[in-house]
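# Reading the structure
What follows is each chain in one-letter form.
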Amino acid sequence: MNDTKKYGFTTTILHSDRQKPIEHGSLHKPIHTSVAYGYKDARELAAVFQGRQPGYRYGRQGNPTVSALEDKITKMEQGLATICFSTGMAAIGALAHALLRSGDHVVSSAFLFGNTNSLWQTVSGQGIEVSFVDATDVANVEAALTPSTRIVFVETIANPRTQVADLKRIGQLCRDKGILFVVDNTMTSPYLFRPKMVGAGLVVNALTKSIAGHGNALGGSLTDTGLYDWSKFPNIFDTYKRYTQPQWGMAQIRAKALRDFGGSLGPEAAHHIAVGAETMALRLERECANAMALAWMLEADPRVAAVHYPGLPSHPQHAIASELFSAYGSLFSFELVDGIDCFDYLNRLRLGVPASNLGDTRTLVIPVAHTIFYEMGPERRASMGIAESLIRVSVGIEDTTDLVEDFRQALGAQ
Ligand SMILES: *Cc1c(COP(=O)(O)O)cnc(C)c1O
């Protein structure tokens, strides 16, 4: 098990813990709840504090159960290192707090997870300028760049309208300009896509979604792919330059964001996420097949006005998605024709549950404009292509025929 590249995705995750000694030969990494770690030699404690020796000091900055999960995510993304956080939003907030300063500029996709959109708006009130662009075309990203641009931030497949960012060309642009390219990989997960392939320097994953997959734990992560040259980043404090240069970014994020803001992942949640991660590939195979079957059925029905799923040939970025992703994801959205009320439709579903999570084993449905995108108002919704009747579906692992039949019967009962 030393050469992780030799093995497939699931084999690598299943045997990851055994690459380091596990207490008592236990097969699963135990849940370590201790907050502090004692040292027999006080000089060792000092060496750990000064970064000269690996080790744990205080639970906010690191924990053995969380480290084992960080190793797994690093392997999934084929990166250099990973830091876990209490939620996906804590990971994105960490990025903003640790790496940006007043006067900096960020170019972000306009098609974003709603809370990330809200976070960038908060940050813009704090002296950082954020430009929102249609990232399905690299030309829009390029046109927005300024000499102060520090980060280009995109999602792979946007939630809920499923626009696919022009990932390869944006990666190339960032490489040419020496700008840090950050990709939120939550919608694809490292099983369907590795942002490292398109030149991302940092990868965000909301572990809450497909990686845990069971809807019983919150978590988030940032992975350094090793591709970004941190010597080009002007905001690294001198104190973190005592590490080797590839470690600068993560050293600063671990201290300035995880230590100082304290959005740390708890050991129990880390354990739940690690258990879920073992079956990620199996779940995603089923979820993507279910999503494809539902999208075909709905698109063919005259009572449906539009279906948004990158797996459909009618999707504007179908070709890019086919080139980059091994499948098209477990999320799609659709609009009913005028005359069918989206609330009535949702209430007729027997299996799809009205709820706001994604990547759960159960199929979850939500009327987007009235819930998760309510706060931003009708104008901003319209600019993001969110119809008032849009229904988002996070497809679960139910049997395909049961789901297709459920979504069909709900159309016909009006
Ligand atoms: C859910 C989600 C997040 C935030 O993750 P939480 O764990 O809920 O904080 C960030 N980005 C995307 C794309 C998400 O779907």
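Rules and cut-offs
- Residues numbered from 1 in each chain as written.
- Predicted model: local features only at pLDDT ≥ 70, side-chain atom pairs only at ≥ 80, totals over all residues.
- Heavy atoms only, no water.
- Pairing = 2+ DSSP bridges.
- Helix = DSSP H or I, 4+ residues; strand = E, 2+ residues; numbered from the N terminus.
- Domains from an automatic or database assignment.
- Contact = heavy atoms within 4.5 Å.
- Buried area = accessible area lost by both parts, 1.4 Å probe.
- Phe/Tyr/Trp six-rings, centres within 6.5 Å; stacked < 30°, edge-to-face > 60°.
- Buried < 20%, exposed > 50% of the residue type's maximum accessible area, 1.4 Å probe, protein only.
- Near = heavy atom within 4 Å.
- Polar contact = N/O pair within 3.5 Å; in protein donor to acceptor, adjacent residues only side chain to side chain.
- Areas by Shrake-Rupley, 256 points an atom, 1.4 Å probe, with all protein chains shown as cover.
- Nonpolar A, V, L, I, M, F, W, Y, C, P; charged D, E, K, R; others polar.
- Core = buried A, V, L, I, M, F, W, Y, C linked by side-chain atoms within 4.5 Å.

On to the sheet that holds strand 11 (residues 364-367), then. With mixed pairing, five strands are arranged side by side in an open sheet as 8-9-12-11-10. The open sheet has two edge strands, strand 8 (304-308) and strand 10 (353-354), and neither has a second partner. Alignment of strand 9 (residues 331-336) against strand 12 (residues 391-394), held across four bridges, turns out to be antiparallel. Across the sheet, residue Ser-333 finds its bridge partner in strand 12, namely Arg-392.

The domain boundaries assigned to the protein delineate domain 1 (9-277) and domain 2 (282-409). Between domain 1 and domain 2, the C-alpha centre-to-centre distance is 28 Å. Contact residues are listed per partner, giving 41 residues for domain 1 and 37 residues for domain 2. With both chains or domains summed, domain 1 and domain 2 bury close to 2900 Å², and 58% of this area falls on carbon and sulfur atoms.

It is worth spelling out the packing of aromatic side chains at this point. Using the criterion set out here, one finds twelve aromatic pairs in the structure. A centroid spacing of 6.4 Å and a plane angle of 70° characterise the contact between Tyr-309 and Tyr-328, whose relative ring orientation is edge-to-face. Taken together, the residues Tyr-309 in the loop between strand 8 and helix 12 (318-324) and Tyr-328 in the loop between helix 12 and strand 9 connect sequence positions 19 residues apart. Residue Tyr-309 shares its accessibility class with Tyr-328, and that shared class is buried. Feature note: the residues Tyr-309, Tyr-328, Phe-332, Phe-334 and Tyr-345 constitute an aromatic cluster, connected by ring pairs.

So, on to the site of the ligand. The environment of the ligand is formed by 14 residues, the closest being Gly-88, Met-89, Asp-184, Thr-208 and Lys-209. In the model, an oxygen atom of the ligand is placed 2.9 Å from a nitrogen or oxygen of the Met-89 main chain. Note that a nitrogen atom of the ligand is positioned 2.7 Å from one of the side-chain N or O atoms of Asp-184. For the ligand, the protein covers 93% of the area, taking 380 Å² as the surface of the free molecule. Of the residues forming the shell around the ligand, the biggest block, three residues, is contributed by helix 4 (residues 88-99). Class assignment for the residues of the shell around the ligand results in six nonpolar, five polar and three charged.

What follows concerns unusual backbone geometry. What you tend to see is this: most non-glycine residues have negative phi, and most peptide bonds are trans. The peptide bond linking Asn-159 to Pro-160 adopts the cis configuration, its omega dihedral lying at 10°. Its location among the elements puts Pro-160 in the loop between strand 4 (149-155) and helix 7 (167-177). Look at His-24: it is not a glycine, yet its phi comes out positive at around 60°. As for its placement among the helices and strands, His-24 is situated in the loop between helix 1 (9-14) and helix 2 (42-49). Residue His-24 is classed as exposed on the basis of its relative accessible area of 84%. Unusually for a residue other than glycine, Thr-162 sits at a positive phi of about 65°.

On to the nonpolar core, then. Formed by 81 residues in total, the largest nonpolar core has its most connected members in Val-152, Leu-167, Phe-181, Phe-332, Phe-334, Tyr-345 and Phe-407. Of the residues forming this core, the biggest block, ten residues, is contributed by helix 11 (residues 280-299). Here this core spans two domains, and each of domain 1 (9-277) and domain 2 (282-409) adds at least three residues to it. With residues up to four places along the chain from it excluded, the contact list for Phe-332 reads Thr-162, Ala-291, Leu-294, Leu-298, Val-307, His-308, Tyr-309, Ile-391, Arg-392, Val-393 and Val-395. Ranked by size, the runner-up nonpolar core spans 36 residues in total, among them Ile-83, Leu-100, Leu-112 and Ile-253.

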